[in-house]
Amino acid sequence: MFICACSDIGKVREINQDSYFYFDDEKLPIFIVADGMGGHKAGEIASNLAISVIKEYYEKNKENIINGEMFVPKFINESIDLANEEIIKEANEDESLKGMGTTVTMGIMFEKDIYVGHVGDSRAYLLRDNKLIQLTHDHSLVGELLRSGSITKEEAFNHPKKNIITRALGTNSNVNVDIVTKEVTTKDIIILCTDGLTNMVSEERIVDVVNNTENMTDSCNILANTANELGGIDNITIMIMRIKEE
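As the structure is a prediction and not an experimental result, all values here were calculated from the model.

> How would you sum up the nonpolar core? Please name residues and give values.
Core analysis: the largest hydrophobic core is formed by 34 residues, its most contacted members being Ile30, Ile54, Phe75, Ile76, Ile80, Met106 and Leu169. Where this core is concerned, the elements lending two or more residues are strand S3 (30–37), helix H1 (42–66), helix H2 (72–93), strand S5 (104–110) and strand S6 (113–119). At 10 residues, the largest contribution of residues to this core is made by H1. If sequence neighbours within four positions are ignored, Phe75 has contacts with Ile30, Ile54, Tyr57, Tyr58, Asn61, Ile65, Met70, Met106 and Ile108. Val207, Ile236, Ile238 and Ile240 belong to the second-largest nonpolar core, a separate cluster that totals 23 residues.

Right under this line is the structure:
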């Protein structure tokens, strides 16, 4: 697997509240994006906390997963639960952090499958044979309207309330984690991103950039620049993974 990532503050925000992490382990690669929310720097702290807790739990349990002593979905649930608890704990101990939270979208490759754990409105996509498949559901007001058939995909993209999310870490003591499993094959591309990209750049444009840019690092940078050219109203984080030939 080849992994690259970039993160940009955008044109409006004063700080970048997005965080990301990846580790291209030969047997168990992991990749995570998180989009923080809250007052001054609180969102940045929440997203960093989520990444830090999940990373630590991964390092502690990596061999258990590889050896079959822990299933990947169990790891995803437990690590995100721990991250949620830590964010709530920190917010309760520091008045300036009250109300902070974060999305989290994480992927783990094990053998021939990708496991995606998801809370919030950051996204995971699979690009295969020029078709972009969204692996996650947006936990947002607009996402719910779209799934119910109340609005179209085009209306969702331009909806004035698409920033209202319905599920995040740090907002409730019990966090409901979506887990998706998908078999992957050679040349598949996985994209993880925060809504700073998807609120500005269409899925068609994302496919066009990734397919027509030879270097995936360049793809990340071009997509971030495109989001900025279209307004850059939020932080933009993009991670692209290509499944290598064995």
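Once you've had a look at it, read on.
> Lay out the environment of Ser202 in plain terms, naming residues and giving numbers.
Assignment of secondary structure puts Ser202 in the loop between helix H5 (195–198) and helix H6 (203–211). On the basis of relative accessible area, Ser202 is assigned to the partly exposed category, the value being 28%. When the C-alpha positions of Ser202 and Ile108 are compared, they lie 26 Å apart, and in sequence the two are 94 residues distant.

> Can you break down the pattern of salt bridges residue by residue, with the values?
Per the counting criterion, the structure on display carries 9 salt bridges. In this structure, the salt-bridge partner of Arg128 is Asp188, at a minimum N-O distance of 2.7 Å. Of this pair, Arg128 sits in strand S7 (residues 123–128) while Asp188 is found in the loop between strand S9 (178–183) and strand S10 (189–193), placing the two residues 60 residues apart along the sequence. The residue Arg205 makes a salt bridge to Asp208 at a minimum N-O spacing of 2.9 Å. Note that Arg205 and Asp208 are positioned in helix H6 at a spacing of 3 residues, about one turn of the helix. Judged by its relative accessible area of 36%, Asp208 is partly exposed. One connected set of salt bridges, linked through shared partners, spans Arg123, Asp138 and Glu203.

> Describe the state of the cysteines, with residues and values.
Simply put, the disulfide is a covalent bond whose two ends are the sulfur atoms of two cysteines. For the coordinates displayed, the defined rule picks out 0 disulfides. Looking at the unpaired Cys6, the closest cysteine sulfur is the one in Cys220, lying at 4.3 Å. Unpaired in this structure, Cys220 has its nearest cysteine sulfur neighbour in Cys4, at a distance of 3.7 Å. The class for Cys220 is buried, based on a relative accessible area of 1%.

> How would you sum up the UniProt feature "domain: PPM-type phosphatase" (unreviewed entry) in the protein chain? Please name residues and give values.
With numbering aligned to this structure, UniProt lists the feature "domain: PPM-type phosphatase" (unreviewed entry) at residues 2–243. Taken end to end, residues 2–243 is 36% helix and 27% strand, and its first and last C-alpha atoms sit 7 Å apart.

> Account for the sheet that holds strand S8 (residues 131–134), naming residues and giving values.
The strand order S1-S11-S10-S7-S8 describes an open sheet built from 5 strands, whose pairing is antiparallel. Only two strands of the sheet have a single neighbouring strand rather than two, namely strand S1 (2–8) and S8. If you compare each strand with its neighbour and ignore which way they point, the axes differ by 20° on average. Strand direction decides the pairing type here: S1 and strand S11 (residues 236–242), joined by 7 bridges, are antiparallel.

> Report on the packing of H1 against H2, specifying residues and quantitative values.
Contact pair H1 / H2: the axes reach a minimum separation of 9 Å and the direction vectors enclose 145°. Two packed elements cross with a definite hand, and for H1 against H2 that hand is right-handed. Listed contacts from H2 to Ala46, Leu49, Ala50, Val53, Ile54, Tyr57, Tyr58, Asn61 and Ile65 of H1 are Val72, Phe75, Glu78, Ser79, Ile80, Leu82, Ala83, Glu86, Ile87 and Glu90. Residue classes in the contact of H1 with H2 are distributed as 14 nonpolar, 2 polar and 3 charged.

> Break down the side chain of Thr226 for me, citing the residues and quoting the values.
Checked against the element boundaries, Thr226 lands in helix H7 (residues 216–229). Those residues in contact with Thr226, other than ones at most four positions away along the chain, are Val201 and Arg205.

> Could you give me a rundown of H6, with the residues and numbers involved?
For H6, the full list of buried residues reads Glu203, Ile206, Val207, Val209 and Val210. All buried residues of H6 lie within an arc of 165° about the axis, which places them on one face of the element.

Calculation criteria
- Throughout this document, residue positions are counted from 1 along each chain, in the order its sequence is written.
- The predicted origin of the model limits local features to residues at a pLDDT of at least 70 and limits the giving and counting of side-chain atom pairs to 80 or more, whereas totals for whole chains, interfaces and linings rest on all residues.
- Hydrogens and water are ignored here; the side-chain numbers use all heavy atoms of the structure.
- As used here, the term nonpolar core means buried Ala, Val, Leu, Ile, Met, Phe, Trp, Tyr and Cys residues forming a set that is joined through side-chain atoms within 4.5 Å.
- Think of it in three bands: residues with accessible area under 20% of the maximum for their type are buried, residues over 50% are exposed, and the middle band is partly exposed, with areas taken using a 1.4 Å probe on protein chains only.
- Numbered from the N terminus, helices here are DSSP runs of H or I no shorter than four residues, and strands are runs of E no shorter than two.
- Residues are treated as being in contact if the distance between any of their heavy atoms lies within 4.5 Å.
- The rule for a salt bridge is simple: a side-chain nitrogen of Lys or Arg has to be within 4 Å of a carboxyl oxygen of Asp or Glu.
- Two cysteine sulfur atoms make up a disulfide if the distance between them is within 2.5 Å.
- UniProt positions are given in the numbering used here, feature names are shortened, and annotations may be inferred rather than shown by experiment.
- Strands pair, by our definition, only if DSSP identifies at least two bridges between them.
- The convention used is that axes are lines fitted to C-alpha atoms, helices contributing only their stretch in contact, and that angles between N-to-C directions extend from 0 to 180 degrees.
- Should the near helix be turned anticlockwise from the far one by less than a right angle, the crossing is left-handed, and should it be turned clockwise, the crossing is right-handed.
- Three categories are distinguished: nonpolar for Ala, Val, Leu, Ile, Met, Phe, Trp, Tyr, Cys and Pro, charged for Asp, Glu, Lys and Arg, and polar for the others, with Gly belonging to the last.
- To obtain the arc, one takes the directions from the helix axis to the C-beta atoms.

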